[in-house]
Amino acid sequence: MTDSTPHRTPLTLLGLGAMGTALARTWLAAGHPLTVWNRTAARAEALAAEGARIAPTAARAVAASDLVVLCLLDDASVEDALAGADLTGKDLVNLTTGTPAQARARAAWAQERGARFLDGGIMAVPPMIGVPESGGYVFYSGSRAAFDARHGTLAVPTGARYVGEDAGFAALQDVALLSAMTGMFAGLSHAFALVRDEDIDLLEFAPVLVEWLVAMAPAAHSTAEQLTSGDYTADVASNLAMMVSGNTTLVRTAEEQGVSGELLLPFMDLMARRLRDGHGDESATGVIELLRR
Ligand code: FVH
C-alpha cells in the first residue's frame with residue numbers, strides 16, 4: 001500500500017455528485033487511472049468519455065484499486081455503498097461529511113475489515129476543486145501511515161492537511177469551521193436586514209462589511225490565547241461590561257428598523273449571564289464556559 005508514483009496512482013472513487021464529479025475530473029486530468037461508481041449510473045457517463053472506468057457495482061469498484069475514496073451524501077450512504085465490498089488491504093478515504101463519532105466508528109469498522117482509514121473534511125465547494133489559488137483544502141485524520149503513503153494523490157484535487165491519528169479530528173475541525181461560518185452568515189443577514197430598506201447602496205455597503213469582518217477575525221487568536229492561559233482578562237480590548245451595555249443599542253436599533261433580533265439575542269443573553277456572574281472585566285471568551293453541557 002504505497003504511493004511511489006503519486007501522479008499516476010490508480011484509484012477508485014465512489015460517489016459522483018457535485019463534489020465527487022469535481023474530484024474525479026482533477027484526478028483524470030492529472031493522468032490517474034480512475035475507476036468510478038455511482039448509485040445512479042447515468043451520472044458516470046460524462047466521466048467515461050473523459051477516461052474514467054465505470055464499475056457496475058461498488059464492490060467491483062473497490063476491487064479495482066488499493067486506494068478507495070468515497071464522496072457520498074452521508075454516513076448511511078457509505079454503509080449502503082460498502083455493504084458486500086472486500087476491504088482487505090485497502091486504503092479507505094472517506095470524504096463524506098459526518099460527525100466525529102461517525103468518523104471514529106467508521107475507522108474501527110474499516111480496521112476490522114483489514115483496511116487503513118482516513119476521514120476527510122472538505123473545506124471547499126466544487127468550483128474550488130482543481131483551482132490551487134482558491135485556498136480550498138481537505139482536513140484529514142486517521143491512519144498517519146495511509147496519509148503519508150497517499151498524500152501525493154490526495155493532494156491533486158485540493159490541499160491536504162493532516163490533523164491527527166484520531167479519526168474524528170477532521171470532522172470536528174470541519175464542523176467547527178462550518179459552525180463559525182454559520183454565525184458569520186447570521187451576522188451578515190442581520191446587518192443587511194438593518195440597512196436594506198434605506199437609501200444605502202448595498203453593493204457599496206458589502207465591501208465595508210467585509211473589511212470590518214476581516215478586521216475583527218483575529219479575535220480568534222486572542223480567544224485561543226485566553227482559553228490556553230485560562231485568563232480571560234488578559235489583553236482585553238473591549239470588556240464584557242462595555243459590550244453588554246452596547247448590545248442595548250444594537251437591540252434598540254433593530255427595533256427602530258423593524259428587524260427581529262432573534263439572530264443576535266441568544267449570544268447577547270449569554271453575554272449578559274456571564275456579566276451577571278461577575279465577569280465584566282473579561283473579554284467575550286468567558287461565554288464559552290457557559291456552552292459546556
Ligand atoms: N457540494 C458542496 O458544496 C459540499 C462542500 C463540502 C463537502 N460537501 C460534502 O461532500 C459530500 C458529497 O457532496 P455532493 O455535493 O457531491 O452531494 P450530492 O451532489 O448531493 O451527491 C450525493 C452523492 O451521494 C450518493 N448517494 C446518496 N445516497 C446514497 C446511497 N444510499 N447509496 C449510495 N450512494 C448514495 C448520490 O448518488 P445518486 O443520488 O447520484 O445516485 C451522489 O453520488 C457530502 O457529504 C457533502 O456534505 C459537499
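Residues numbered from 1 in each chain as written. Predicted model: local features only at pLDDT ≥ 70, side-chain atom pairs only at ≥ 80, totals over all residues. Heavy atoms only, no water.

**Side note on the overall build of the protein**
Now for step 1: Per the secondary structure count, the protein includes 11 helices and eight strands.
Now for step 2: When burial is assessed residue by residue, the protein has 39% of its 293 residues classed as buried.
Now for step 3: Relative to all contacts within the protein whose residues are 6 or more apart in sequence, the contacts with residues 24 or more apart total 61%.
Now for step 4: Looking at the protein, you have 21 positive and 34 negative side-chain charges, and the mean spots of the two groups are 10 Å apart. (Helix = DSSP H or I, 4+ residues; strand = E, 2+ residues; numbered from the N terminus. Buried < 20%, exposed > 50% of the residue type's maximum accessible area, 1.4 Å probe, protein only. Contact = heavy atoms within 4.5 Å. Lys, Arg positive; Asp, Glu negative; His and termini not counted. Charge placed at Lys NZ, Arg CZ, Asp CG, Glu CD.)

**A word on the domain arrangement of the protein**
Now for step 1: Each assigned domain of the protein is listed with its residue range as follows: domain 1 (6-165) and domain 2 (173-290).
Now for step 2: Spacing between the C-alpha centres of domain 1 and domain 2 amounts to 37 Å.
Now for step 3: Across the boundary between the two partners, domain 1 contributes seven residues, which contact five residues of domain 2.
Now for step 4: Summed over both sides, the interface of domain 1 with domain 2 buries roughly 470 Å², with 70% coming from carbon and sulfur.
Now for step 5: Across the contact surface, domain 1 and domain 2 share zero salt bridges. (Domains from an automatic or database assignment. Buried area = accessible area lost by both parts, 1.4 Å probe. Salt bridge = Lys/Arg side-chain N within 4 Å of Asp/Glu carboxyl O.)

**A look at helix 10 (residues 240-256)**
Now for step 1: Here helix 10 contains 17 residues, and its C-alpha end-to-end distance of 24 Å stays within 8% of the 24 Å for a straight helix at 1.5 Å per residue.
Now for step 2: Within helix 10, the full set of buried residues consists of Leu240, Val244, Asn247 and Ala254. The buried residues of helix 10 all sit within an arc of 65° when viewed along its axis, so they share a single face. The exposed set on the far side of helix 10, more than 90 degrees from its buried face, consists of Arg252 and Glu256.
Now for step 3: Buried residues in helix 10 make contact with helix 7 (169-195) and helix 11 (265-276).
Now for step 4: One side-chain oxygen at the N-terminal end of helix 10 lies 3.2 Å from the backbone nitrogen of alanine 241; it belongs to asparagine 239. (Expected span 1.5 Å × (residues − 1). Arc of directions from axis to C-beta. Polar contact = N/O pair within 3.5 Å; in protein donor to acceptor, adjacent residues only side chain to side chain.)

**Let's talk about the nonpolar core**
Note on soluble globular proteins: their nonpolar side chains tend to be buried together.
Now for step 1: Judged by nonpolar contacts, the single largest core of 30 residues is most densely connected at Leu13, Val69, Val93, Leu95, Leu118 and Tyr140.
Now for step 2: Residue assignment for this core shows that the elements contributing at least two residues are strand 1 (11-14), helix 1 (18-29), strand 2 (34-37), strand 4 (67-70), strand 6 (116-123), strand 7 (137-142), helix 6 (144-154) and strand 8 (159-162).
Now for step 3: Here this core gets six residues from one element, more than from any other, and that element is helix 1.
Now for step 4: Ala58, Leu72, Ala81 and Ala167 belong to the second-largest nonpolar core, a separate cluster that totals 21 residues. (Core = buried A, V, L, I, M, F, W, Y, C linked by side-chain atoms within 4.5 Å.)

**Considerations on the packing of helix 7 against helix 8 (residues 202-216)**
Now for step 1: Viewed as axis vectors pointing N to C, helix 7 and helix 8 meet at an angle of 140°, and their least axial separation amounts to 12 Å. It follows from the interaxial angle that helix 7 and helix 8 lie oblique. For helix 7 against helix 8, the interelement crossing comes out right-handed. Residues Met184, Leu188, Ala191, Phe192 and Val195 of helix 7 form the contact with helix 8, whose participating residues are Leu202, Phe205, Ala206, Leu209 and Leu213.
Now for step 2: A per-class count over the contact of helix 7 with helix 8 returns 10 nonpolar, no polar and no charged. (Axes fitted to C-alpha atoms, helices over the stretch in contact; angles between N-to-C directions. Parallel < 35°, antiparallel > 145°, perpendicular 65-115°, else oblique. Left-handed = near helix turned anticlockwise from the far one by under 90°. Nonpolar A, V, L, I, M, F, W, Y, C, P; charged D, E, K, R; others polar.)

**Comments concerning the layout of surface pockets**
If a probe as big as a water molecule is rolled over the atoms, it shows which places are left empty.
Now for step 1: Approximately 2400 Å³ is the volume attributed to the largest pocket.
Now for step 2: Lining the largest pocket are 49 residues, and of these Leu213, Met216, Ala219, Phe267 and Ala284 lie nearest its centre.
Now for step 3: Those elements that provide at least two residues to the lining of the largest pocket are helix 7, helix 8, helix 9 (219-229), helix 10 and helix 11.
Now for step 4: In terms of residue count, the dominant contributor to the lining of the largest pocket is helix 7 (11 residues).
Now for step 5: Forming the walls of the second largest pocket are 22 residues, and the residues nearest its centre are Asn38, Cys71, Leu72, Leu73 and Ser77.
Now for step 6: Of all the secondary-structure elements, those providing two or more residues to the lining of the second largest pocket are helix 1 and helix 4 (75-82). (1 Å grid on protein atoms, 1.4 Å probe; cavity = no way out; pocket = protein on both sides within 12 Å on 5 of 7 lines; lining within 4 Å. Points joined across faces, edges and corners; volume = space filled by probe spheres on them.)

**Points about the packing of aromatic side chains**
Now for step 1: This model, assessed by the stated rule, comprises four aromatic pairs.
Now for step 2: Each ring, one from tyrosine 140 and one from phenylalanine 147, has its centre 5.6 Å from the other, and the planes form 45°; the classification is tilted.
Now for step 3: Classification of tyrosine 140 by relative accessible area gives buried; the value is 2%.
Now for step 4: Ring geometry for phenylalanine 192 and phenylalanine 205: centres 5.6 Å apart, planes at 80°, overall edge-to-face. Here phenylalanine 205 lies in helix 8 and phenylalanine 192 lies in helix 7, a separation of 13 residues in the sequence.
Now for step 5: Ring-pair connections join several aromatic residues into one group, and the members of that group are Tyr140, Phe147 and Tyr162.
Now for step 6: Arginine 106 extends its terminal NZ or CZ atom over the ring of tryptophan 109, reaching a point 4.6 Å from the ring centre.
Now for step 7: Across the ring face of tyrosine 137, the terminal group of arginine 161 is positioned such that the distance to the ring centre comes to 3.5 Å. (Phe/Tyr/Trp six-rings, centres within 6.5 Å; stacked < 30°, edge-to-face > 60°. Lys NZ or Arg CZ within 6 Å of the ring centre and 35° of its normal.)

**A word on the site of the ligand**
Now for step 1: In the neighbourhood of the ligand, 22 residues make up the surrounding shell, with Met19, Asn38, Thr40, Arg43 and Thr97 lying closest.
Now for step 2: In this structure, methionine 19 approaches the ligand through a main-chain N or O atom, which is 2.9 Å from an oxygen atom.
Now for step 3: Backbone polar atom of leucine 73 to an oxygen atom of the ligand: 3.0 Å apart, as the coordinates give it.
Now for step 4: Protein chains shield 77% of the accessible area of the ligand, which is 900 Å² for the free molecule. (Near = heavy atom within 4 Å. Areas by Shrake-Rupley, 256 points an atom, 1.4 Å probe, with all protein chains shown as cover.)

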